[in-house]
Amino acid sequence: MFRVYRTKNYEEMSRQAANIISAQIILKPDCVLGLATGSTPIGTYKQLVEWYDKGDLDFKEVTTVNLDEYLGIAHDNDQSYYYFMHENLFNHINVDESHTNVPNGMCADPEAECARYERLVRTLGYQDIQLLGIGRNGHIGFNEPCDSFPAATHIVNLTKSTIEANKRFFASEADVPRQAITMGVGTIMQARQILIVASGKDKADAVRDAFYGPITPTVPASVLQLHPNVTLVADEAALSGVQD
Ligand code: PGA
């Protein structure tokens, strides 16, 4: 099933995405949430924190698995995804720290870390719901456009366009890490439900190509057309390349 929620703006997109995640937590309090970083999900996390503060949500039995992490960046670096998740969500809710999982970007052996992370997600029974953003180039996690869909958690060399897109968060382009660990497309596709959020005109081509174009590893998100349960929550600007 592919559902599209077209929202007026970013705030409405965030509320709708948070509603879907809340529904998952309420239906299955010990669910596995697949989480994402980037600017798009920040509003979703804010909304979840607000509902937690009101007493409407309880994360005590929830387990989380994040999509990806830069290689060579420590937890206390404010650009690490570990830091991002604590800043934007984990520090503000009652999730058990030991139930939160982000690939370790400071591991001594990145290949072994990929294998460990893949095993971990499998042992947890995979994600009940996986939240995703979409890159301007159609990437999901750090699965960049390439010749084939990478199946398992792996090391990636970031593309020029991703380095370019992310340099706004670093002192200079030279400081943007060149490699990351990411769940593979296969790991993401194991999730029982996919929730993908997109906002703004600069995502319009990626959204159109991913969901209304051919399935191709040159647009990694297009693989989601093969998933049985996908919900796209996107604002009008992000859907501006798509007919109603
Ligand atoms: P953004 O990133 O939310 O910061 O645009 C999304 C992504 O690259 O997956």
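Our subject is the structure that appears above.
Not measured: the values here are computed from a predicted model.

Cut-offs used in this document
Residues numbered from 1 in each chain as written. Predicted model: local features only at pLDDT ≥ 70, side-chain atom pairs only at ≥ 80, totals over all residues. Heavy atoms only, no water. Pairing = 2+ DSSP bridges. Helix = DSSP H or I, 4+ residues; strand = E, 2+ residues; numbered from the N terminus. Near = heavy atom within 4 Å. Polar contact = N/O pair within 3.5 Å; in protein donor to acceptor, adjacent residues only side chain to side chain. Nonpolar A, V, L, I, M, F, W, Y, C, P; charged D, E, K, R; others polar. Phe/Tyr/Trp six-rings, centres within 6.5 Å; stacked < 30°, edge-to-face > 60°. Buried < 20%, exposed > 50% of the residue type's maximum accessible area, 1.4 Å probe, protein only.

A. Structural detail: the sheet that holds strand β2 (residues 32-35). Strand order in the open sheet made by the seven strands is β1-β10-β9-β6-β2-β3-β5, with parallel pairing throughout. Edge positions in the open sheet fall to β1 (2-7) and β5 (100-101), since each of these has one partner strand only. Both β1 and strand β10 (residues 230-235) contribute to a ladder of six bridges, which runs parallel. Across the sheet, the residue bridging to Val4 is Leu232, located in β10.

B. Here's a closer look at the site of the ligand. Gly38, Ser39, Thr40, Gly133, Ile134, Gly135, His139, Arg168 and Lys203 make up every residue found near the ligand. Take Ser39: an N or O atom from its side chain is 2.8 Å from an oxygen atom of the ligand. A distance of 2.6 Å separates an oxygen atom of the ligand from a polar side-chain atom of His139. Of the residues contributing to the shell around the ligand, the split by class is one nonpolar, six polar and two charged.

C. Local environment of the packing of aromatic side chains. Within the structure shown, the criterion is met by seven aromatic pairs. Ring plane angle 45 degrees and centroid distance 4.9 Å describe the contact between Tyr70 and Tyr81, whose orientation is recorded as tilted. Remark: Tyr81 occurs in helix α3 (residues 81-88) and Tyr70 occurs in strand β4 (residues 68-70); sequence separation between them is eleven residues. Both residues of the pair, Tyr70 and Tyr81, count as buried. Seen in terms of ring centroids, Tyr70 and Phe170 are 5.8 Å apart; in terms of plane orientation they differ by 75 degrees. Their pairing is edge-to-face. You can see Tyr70 sitting in strand β4 and its partner Phe170 sitting in the loop between α5 (160-166) and β8 (179-182), a full 100 residues away along the chain. Judged by relative accessible area, which is 2%, Tyr70 ranks as buried. Each member of the aromatic cluster is reached from another via a ring pair, and the members are Tyr70, Tyr81, Phe142 and Phe170.

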